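What follows is the residue order along each chain.
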Amino acid sequence: MAAALPRVGALRAPAPPPPPPEVLGRFLTGDDRVQPDARVQDVASLFFARPDLEAVALVSDGRPVGLLTRARLLVKLARNFGHELYARKPVTRIADLSPVVLPEDTPLGAVLDRALARPAATVFDDVVVVNEGGAYVGHASVRELARQQGLALERSRLEREAALSRARDLEELERVRA
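In this report, we go over the structure that sits alongside the text.

Cut-offs applied
- Residues numbered from 1 in each chain as written.
- Predicted model: local features only at pLDDT ≥ 70, side-chain atom pairs only at ≥ 80, totals over all residues.
- Heavy atoms only, no water.
- Buried < 20%, exposed > 50% of the residue type's maximum accessible area, 1.4 Å probe, protein only.
- Helix = DSSP H or I, 4+ residues; strand = E, 2+ residues; numbered from the N terminus.
- Pairing = 2+ DSSP bridges.
- Right-handed = clockwise from strand over helix to strand, strands pointing away.
- Core = buried A, V, L, I, M, F, W, Y, C linked by side-chain atoms within 4.5 Å.

Summarising burial for strand β2 (residues 55-60): five of the six residues are buried, a large majority. The sheet contact formed by strand β1 (residues 33-34) and β2 spans two bridges and is parallel. In the strand pairing of β2, R33 is matched with A57. Between the parallel pair β1 and β2, the chain is carried across by helix α1 (residues 40-49), and the sense of this crossover is right-handed. Bridge count between β2 and strand β3 (residues 63-69): six bridges; the pairing is antiparallel.

Judged by nonpolar contacts, the single largest core of 16 residues is most densely connected at V34, V43, F47, V56, L68 and L73. Of all the elements in the fold, those that place two or more residues in this core are α1, β2 and α2 (70-78). At four residues, α1 tops the list of elements feeding residues into this core. Membership of the second largest hydrophobic core comes to 13 residues, among which are F27, L102, L108 and V127.

Here it is in structure tokens:
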């Protein structure tokens, strides 16, 4: 006796795997770091030598303790006597010692919520990224994170439109069959 064949349409293809999550660790823009006791003039030289460098993390024993952005450095050094006042001092004198520090598995939306809730002067400072043990992994540009969030929203919109189109096509097919 032959095995019974399944009804047409009774078997479904397995669902596609969910898209990879949009998490902070996927969008690192750098992992530059200096010791907290580095002199301001040495860190300034690093920024001047690398025009693409926007931020460096202050890292001690593998853990982030601060963040220095190019903008913050330039503002401090450009003030009257700024170079004379800070050049030989440790970078901790001018760095942000309480930057936004988040785990690498933090969802992109939550990262942007935290970053954009900061005061206007620091709203676009990089976000410091750590692993589950709290060790420094890198930093991420808020500008890049916002761009990635926009791309994710656009992908979501396109997927929704495609799903609605498939649903309309199936409804039309059912109507024709009936």
